[in-house]
Amino acid sequence: MTTFQSTLDRLRTIKPLWWQLGLVIVAILLPLPLSDYYRSVLWRTGLYVMLGLSLNIIVGYAGLFQLGHAAFYAIGAYTAGLLNLHFGVPILWTMPICVVVAGLFGFLLTRPIIHLRGDYLCIVTIAFGEVVRLALVNNIFGITGGANGLSGIDRPSIFGFELRAPIYHYYLMLIFLVITIVGIQRLQNSRLGRAWMYVREDQVAAEAMGIDTTRVKLLAFVIGSAWAGLMGSLYAGKITVISPDLGKFLESVVMFCIVVLGGTGSIPGAFVGTLGMVTLPELSRPLKAWRDAWLGLAMVVMMILRPEGLWPSRRIRLELESEREEAAASAVTSTGA
Amino acid sequence: MQFIQQLINGVTIGAFYSLVALGYTMVYGVLKLINFAHGDLFMWGAYLGLTGLNVAVALLGGPSVWALVPVIIVVLLTVALAGVLVERVAYRPLRSAGRLAPVISALGVAFILESLARNIYGASWKTYPPGFSVSGGITIPPGVRISTMQIIVLVISFLLMGGLYLFVQRTRIGTAMRAVSLDHDVSRLMGIDVNRIIVIVFLIGPGLGGVAGMIVGLYYGSFDFTLGWVFGLKAFIAAILGGIGNIPGAMLGGMILGITETLGAGYLSPQWKDVIAYLLLIVILIFRPTGLLGERVAEKV
């Protein structure tokens, strides 16, 4: 019996790994029968999944409103572009620098405002996003190329082999996607991850338990921003042209919606959210004129039908259910009174 | 003298920001929701005003200043009803769904409103029919000029804001509104119909926003569908500057923002005027985390 039990336990622990391996194999095979256009769409999907996951650290785990995430994406892209154009640094080598620079900006920009609550934090992040975008548009220090941005950035090359076709970029993206997901899973269950969720649930109680809330919240911003910066360099390497539009508010909104529409704090949620916010709108280009209207309508309807997101993490779903029961109970008492 | 001139221009723009900020702040007061659709409702005020004036020109065979009054009233009512509809359809079902879901719903409504405007009116710049903007003005001796249009804008704005302030402070409905913004449950116990108050807020806020949209259209003469986003964000910043949920705060915030922006554009650099406005917001929030007139909220344990 005990051996049976232990095999069962072992199966339980192994099973998700097999699942994940299966998914990776599917992801490797997926682009092969597709045309270059669809391969690019897949690449874009993966990029936004990672952007969603990086924002998820801030919004989903730490529970902080961040509506200026695209600024860090743009900072990453410009760091890669400038280093490559002016100093000839190969794109792949700029990646760690992008991570550091975007993380540093994340620290510098959020450090003075980390004490703000909820909606006040939200508006300041919007303001920062706009400041970054306008600084790029206004050609700050005369190096960002103004509204046109930068062009002629090198593609990444590995041992002299230049990644040109979309499929190579897809596989490069896939490597980072796997790293991201594994990293985020590890982070989620780490001491830091648990501290984030504690802060999200009850900041005062978390502080009473000895969690340095300022430090923990800052770390969420720094890690999330740094990862968004890396995505910027991936983008710069494939598209080779970057403009301040990367940091515009709409991009931040899309990332925010990916997180919430999919389900805050949920990794599969980021995939579902990206499908809804990026992939389907991209594939429905023929409907272009009315695309935003449909997207908006879908956002409203989805939130009414499933306010916890399409694929919520279990913890958040349970929480919302209990909250709603409480609300229902208080409504009953108030009508009775 | 240039300074006083800039100040007057700043106050005019500040008046627009204040009018729109009132809509944000009132909704936030009763629902604790950032109504991202408000900027687009305001933009619809500008578009509806355009259609209204074009219809008036067609009916009367030419522009007449008297046509402005019925058009403004129609715009006010239409945008107010749209605001109520938005609340009923997109926000009410989400009252008990946490903080994030209504924000997404509000962004969704903003997408819909903007897309509708772009598809119906086109993406190009729209110009108000000529003949409605009042020309002329007065020049105060050492060379400061106030246009008649600015005077009209300021008079209308201050009348609306003063009226709203008295309404909220002196009437029964206003008192109920303030009660609802403090606590829904207790308000209900005191016999206040909370849903009715929320509907009234959604009549007044977007209604004022719609009128502001039309006045902006008349003042600047032309605009496009990004108006809602550009003005909406600024107005929202004004509301936060003053302390969101606080009505005099929204008026103060709008004025400060308008004046800072104009002075920044005049003395520093017009390219960086938006950045100056955002940095002002950030600096003020660093030192006063709940805005200039916002109350300090103690965290409940």
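Quick caveat: nothing in here was measured; it's all calculated off a predicted structure.

## Quick look at the overall build of chain B
- Looking only at helices and strands, one finds 11 helices and four strands in chain B.
- Relative to its length of 301 residues, chain B is compact, with a C-alpha radius of gyration of 19 Å against a globular reference of 19 Å.
- In terms of overall dimensions, chain B has C-alpha extents of about 60 × 45 × 35 Å along its principal axes.
- Scored against the burial criterion, the 301 residues of chain B give a buried share of 50%.

## Comments concerning the packing of helix α2 (residues 38-60) of chain B against helix α9 (residues 227-242) of chain B
Residue and element names in this part refer to chain B.
- Viewed as axis vectors pointing N to C, α2 and α9 meet at an angle of 125°, and their least axial separation amounts to 8 Å. On the basis of their axis angle, the class for α2 and α9 is oblique. The way α2 lies across α9 gives a crossing that is right-handed. Residues H38, G39, D40, F42, M43 and A46 of α2 form the contact with α9, whose own contacting residues are L227, G228, W229, F231, G232, L233 and A235.
- A breakdown of the residues in the contact of α2 with α9 according to their chemical character gives eight nonpolar, four polar and one charged.

## Examining the pairing of strand β3 (residues 144-147) of chain B
All names here are of chain B.
- Inspection of the sheet shows strand β2 (residues 137-140) paired to β3 by four bridges, in the antiparallel sense. Within β3, the residue paired with T139 across the bridge is R145.
- Adjacent in sequence and paired antiparallel, β2 and β3 are bridged by three residues, among which G143 carries a positive phi angle near 105°.

## Comments concerning the interface of chain B and chain A
- Listed as interface residues are 41 residues of chain B and, on the opposing side, 40 residues of chain A.
- If you list the elements that add at least two residues to the side of chain B that touches chain A, you get α4 (100-121), α7 (184-189), α9 and α11 (273-287) of chain B.
- When residues of the side of chain B that touches chain A are assigned to their parent elements, the largest contribution, 13 residues, is made by α4(B).
- Taken together, the residues of the side of chain B that touches chain A break down into 28 nonpolar, eight polar and five charged.

## Concerning the nonpolar core
- Of all hydrophobic cores here, the largest spans 194 residues; its most connected members are A:C257 and B:I237.
- It is helix α1 (residues 2-31) of chain B that provides the largest number of residues to this core, a total of 14 residues.
- Residues in contact with A:C257, not counting those within four places in the same chain, are A:G273, A:M277, A:M299, B:I104 and B:L107.

## Points about α11(B)
Residues and elements named next belong to chain B.
- Helix length check: α11, at 15 residues, gives a terminal C-alpha distance of 22 Å against a target of 21 Å (1.5 Å per residue), a fit within 8%.
- If you check which residues of α11 are buried, you get D274, V275, A277, Y278, L281 and L285. Around the axis of α11, the buried residues are gathered within 160° of arc, so they sit on the same side. Exposed and oriented more than 90 degrees from the buried face of α11 are V283 and F287.

## Let's talk about unusual backbone geometry
- Look at A:T240: it is not a glycine, yet its phi comes out positive at around 65°.
- Position of A:T240 relative to the elements: it lies in the loop between α9 (213-239) and β4 (241-242).

## Section: the confidence of the model for chain B
- Chain-level statistics for chain B give a pLDDT mean of 87 and a share of 97% at 70 or above.
- Two numbers describe this predicted complex: its pTM, 0.85, and its ipTM, 0.84.

Analysis parameters
- Residues numbered from 1 in each chain as written.
- Chains lettered and ligands numbered in written order.
- Predicted model: local features only at pLDDT ≥ 70, side-chain atom pairs only at ≥ 80, totals over all residues.
- Helix = DSSP H or I, 4+ residues; strand = E, 2+ residues; numbered from the N terminus.
- Rg over C-alpha atoms; globule rule 2.2 N^0.38 Å.
- Buried ≥ 20, exposed ≤ 12 C-beta atoms within 10 Å, placed from the backbone.
- Axes fitted to C-alpha atoms, helices over the stretch in contact; angles between N-to-C directions.
- Parallel < 35°, antiparallel > 145°, perpendicular 65-115°, else oblique.
- Left-handed = near helix turned anticlockwise from the far one by under 90°.
- Contact = placed C-beta atoms within 7 Å.
- Nonpolar A, V, L, I, M, F, W, Y, C, P; charged D, E, K, R; others polar.
- Pairing = 2+ DSSP bridges.
- Core = buried A, V, L, I, M, F, W, Y, C linked by C-beta atoms within 7 Å.
- Expected span 1.5 Å × (residues − 1).
- Arc of directions from axis to C-beta.
- pLDDT = per-residue confidence, 0-100.

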